[in-house]
Amino acid sequence: MEKKPVNSATRSLATQLLFLISSILYACALATSQELLIGFKASPSSSVSSFQSLLNDSTSTFSLGFLRANQTQLALTVVHLPSLQLLWQANPTSSFRWSDKTQLFFNGSLVMSDPHTRSFWSSGTSQQGDKVVLLNSSNLQILQKQQVLWQSFDFPTSTLVENQSFTSNMSLVSSNGLYSMRLGDDFMALYANFKDGKTQQMYWKHKALEAKAEVVQGQGPIHARLESDGFLGMYQIGKTPVDIQPFNSFHRPIDTFLVLRLEPDGNLKGYYWAQTDWVVDYQAITETCELPSPCGSYGLCRPGSGCSCLDNRTQVDTGSFQCIDGDDQSGDFCSGSDDFWAIRRKGVDCWGAVYNNVTGFCYLVDYPIQTLVGVGDESKIGYFKVRVTRGGHKKIKAGIRVLGAVILAITGAVIGYAGYKIWNRRRTWPKRVLEENAEVSPGPYKNLGSASFKSIEML
């Protein structure tokens, strides 16, 4: 049979097609890679708009990769692929650019660097690993001859996944950095992190019930674990829990994936994946007004009525509810100043500083006021010291900075230091445990010198 000649155009087309098929197969192999070896390097691609996968688990449910944020930034994360829900993040306090200069590489440790912003993160393994794997649990591990040298489960960020342990050396931190969760001797608690970066205030606490096992002093710290059976358990010795916090799915076997996340509003929530969406399965705080700051600083939250401001008018529109603009919430509430005047509101439950008009002493509470809670008891009266607007008009306008609650009276009684401590122990702000960690700051202070402050008549 006579062979027909193959022209150069046909040969060129076949070569291009072969190259295209090879490129597609290579790209697919990279996308489904199940281990990273020494020498691996990767930079973000300009063609990727959301998530660039680098390493998958064997089921392709979880992936390590670059998650794009604000178009120009990225985070090295482990995500749940069907939802792109972030489960773990490397160095959440640093910002990396979405640029070909930013690089992730494996040299025995995982290293992320951005020479432009000088941001840097490393797993910092003391020994040199030989590969990186992502398990079906979403746990990212660095191995040396199958021995685990480092794993992401030891460094949680804002989220725990099912069967992940949480020890007394760990903390969960909300994505906005304002709230954290830690374990105590026999309890777990949520804390608000204030703007000075040093002050923390407990706002929710759950003590171990010790129904099946007791916490034994001297037998080591407790740890928690999110169980696939649908509960958050606390343990000390062995497998018998000292406490169980059941999810809605507890004892209702659901073949799905559970997570526990500390949300930006300060709530601790559990979810399960329902094939197309995340379903809320647990909430530590069930009422909006029990959250640490649902209406922003100096907002007023009334159960069933939502948010308002102290003067019923002032609100700065910033996309979320806020009653003051700017970050200036500082000020010595007990010292004299002519730049303040007073607001009185009935039916509020609040504190910030306590004044005894018999002794003339003022005691500061050493954390700033956030949202105030409206209560049904109109005998509770809050007095608030407010900065006077420019021009001296004693009138609240948008943009005024409310500095804090100065005096608190209940049923006509003036509360001094001793009265404050007693009242604070009896108060019923739901599940609040401020009295156990909130000490009164150095004081008392005398000679207040503020006419507007001193002229307030106590009921």
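Residues numbered from 1 in each chain as written. Predicted model: local features only at pLDDT ≥ 70, side-chain atom pairs only at ≥ 80, totals over all residues. Heavy atoms only, no water.

If you look the protein chain up in an unreviewed UniProt entry, it shows as Bulb-type lectin domain-containing protein from Salix brachista. The UniProt entry for the protein chain carries the following text under Function (unreviewed entry): "Involved in sporophytic self-incompatibility system (the inability of flowering plants to achieve self-fertilization)." (UniProt positions renumbered as here; feature names shortened; annotations may be inferred.)

Before going further, it helps to examine the overall build of the protein chain. Regarding its fold elements, the protein chain presents four helices and 35 strands. The buried share among the 459 residues of the protein chain stands at 48%. Contacts in the protein chain between residues far apart in sequence, at least 24 positions, make up 54% of those at least 6 positions apart. A total accessible area of about 23400 Å² is found for the protein chain, and carbon and sulfur atoms account for 51% of it. (Helix = DSSP H or I, 4+ residues; strand = E, 2+ residues; numbered from the N terminus. Buried < 20%, exposed > 50% of the residue type's maximum accessible area, 1.4 Å probe, protein only. Contact = heavy atoms within 4.5 Å. Areas by Shrake-Rupley, 256 points an atom, 1.4 Å probe, with all protein chains shown as cover.)

Next up on the list: the sheet that holds strand β14 (residues 159-161). Strand pairing in a sheet relies on backbone hydrogen bonds. The paired strands run either parallel or antiparallel. With antiparallel pairing, four strands are arranged side by side in an open sheet as β14-β23-β24-β25. Of all strands in the sheet, those with a lone pairing partner are β14 and β25 (278-283), marking the two edges. Shown here is a sheet whose adjacent strand axes are inclined to one another by a mean of 25°, direction ignored. Taken together, the five bridges between strand β23 (residues 258-262) and strand β24 (residues 268-273) define a ladder with antiparallel strand orientation. For Leu262, the partnering residue across the bridge sits in β24 and is Leu268. (Pairing = 2+ DSSP bridges. Axes fitted to C-alpha atoms, helices over the stretch in contact; angles between N-to-C directions.)

It is worth spelling out the sheet that holds strand β11 (residues 131-134) at this point. If you trace the four strands from one edge of the open sheet to the other, you get β1-β11-β12-β13, paired in antiparallel fashion. Two strands in the sheet have a free side with no partner beyond their single neighbour: β1 (36-37) and β13 (147-151). As paired elements, strand β12 (residues 140-144) and β13 share four bridges and run antiparallel to each other. When the sheet's bridge partners are listed, Ile142 is paired in β13 with Trp150.

To continue, consider the confidence of the model for the protein chain. Across the protein chain, the average pLDDT comes to 74, with 61% of residues at 70 or higher. Taking the mean pLDDT of every element in the protein chain, the minimum, 30, falls on strand β35 (residues 413-414) and the maximum, 98, on β14. Every residue in residues 17-32 scores below 50 in pLDDT, and together they form four contacts with partners more than four places removed in sequence or on other chains. For the stretch residues 326-331, pLDDT sits under 50, and the model shows 13 contacts to residues farther than four places along the chain or on other chains. (pLDDT = per-residue confidence, 0-100.)

Quick look at the pairing of strand β9 (residues 110-114) now. Judged by how many residues are buried, β9 sits mostly within the fold: five of five residues are covered. A two-sided burial pattern is seen for β9, the buried positions comprising Leu110, Met112 and Asp114 on one face and Val111 and Ser113 on the other. In this sheet, β9 lies alongside strand β8 (residues 103-106) in antiparallel orientation, the contact comprising four bridges. When the sheet's bridge partners are listed, Phe106 is paired in β9 with Leu110. Joining the antiparallel neighbours β8 and β9 is a turn of three residues, in which Gly108 adopts a positive phi near 110°. Sheet topology note: the β9/strand β10 (residues 119-122) ladder contains four bridges and is antiparallel. The residue bridging Ser113 from the neighbouring strand is Phe120, located in β10. Between the end of β9 and the start of β10, which pair antiparallel, lie four residues, with Arg118 showing a positive phi angle near 60°.

This next bit is on empty space enclosed by the protein. For the structure on display, the rule yields four cavities of 30 Å³ or more. Looking at the second largest cavity, its volume works out to about 60 Å³. Along the walls of the second largest cavity sit Val78, Leu87, Trp88, Ser138, Ser152, Phe153, Pro156, Thr159, Val161 and Gln164, which together make up its complete lining. Elements represented by at least two residues in the lining of the second largest cavity include exactly β6 (85-89) and β14. (1 Å grid on protein atoms, 1.4 Å probe; cavity = no way out; pocket = protein on both sides within 12 Å on 5 of 7 lines; lining within 4 Å. Points joined across faces, edges and corners; volume = space filled by probe spheres on them.)

Mapped onto the elements of the fold, Ser60 is located in the loop between β3 (51-56) and β4 (62-69). Ser60 gets classed as partly exposed once you look at its relative accessible area, which sits at 37%. C-alpha of Ser60 to C-alpha of Asn136: the two residues are 76 residues apart in sequence and 8.5 Å apart in space.

Attention now moves to the state of the cysteines. Within the structure shown, the criterion is met by two disulfides. For Cys289, the disulfide goes to Cys301, at an S-S distance of 2.0 Å. Sign of the S-S torsion, about -85° for the bond between Cys289 and Cys301, identifies this disulfide as left-handed. On the criterion of sequence distance, the pair formed by Cys289 in the loop between β25 and β26 (299-302) and Cys301 in strand β26 is long-range, its members being 12 residues apart. In terms of burial, Cys289 and Cys301 fall into one category: buried. Covalent S-S linkage joins Cys295 and Cys307, the inter-sulfur distance amounting to 2.0 Å. When the S-S torsion is -80°, as for the bridge of Cys295 with Cys307, the disulfide is left-handed. (Disulfide = S-S within 2.5 Å.)

Let's shift gears to the layout of surface pockets. In this structure, the second largest pocket occupies an estimated 510 Å³ of space. Forming the walls of the second largest pocket are 27 residues, and the residues nearest its centre are Ala75, Leu86, Gln89, Pro92 and Ser175. For the lining of the second largest pocket, the elements supplying multiple residues, two or more each, are β4, β5 (73-80), β6 and β23. No other element matches the four residues that β5 contributes to the lining of the second largest pocket. Across the lining of the second largest pocket, the residue classes tally to 12 nonpolar, 13 polar and two charged. No fewer than three residues from each of domain 1 (32-154) and domain 2 (156-286) sit in the lining of the second largest pocket. (Nonpolar A, V, L, I, M, F, W, Y, C, P; charged D, E, K, R; others polar. Domains from an automatic or database assignment.)

Regular strands place their side chains on alternate faces of the sheet. Among the six residues in β24, six count as buried, and that is most of the element. The alternating pattern of β24 places Leu268, Gly270 and Tyr272 and Lys269, Tyr271 and Trp273 on opposite faces, both of which are buried. Hairpin geometry of β23 and β24 is characterised by an intervening segment of five residues between the two adjacent antiparallel strands and by a positive phi of about 95° at Gly266. Pairing analysis gives five bridges linking β24 to β25, with the strands arranged antiparallel. Looking at β25, one finds that Tyr271 is bridged to Val280. Hairpin connection of β24 to β25: four residues between the antiparallel strands, including Gln275 at a positive phi of 75°.

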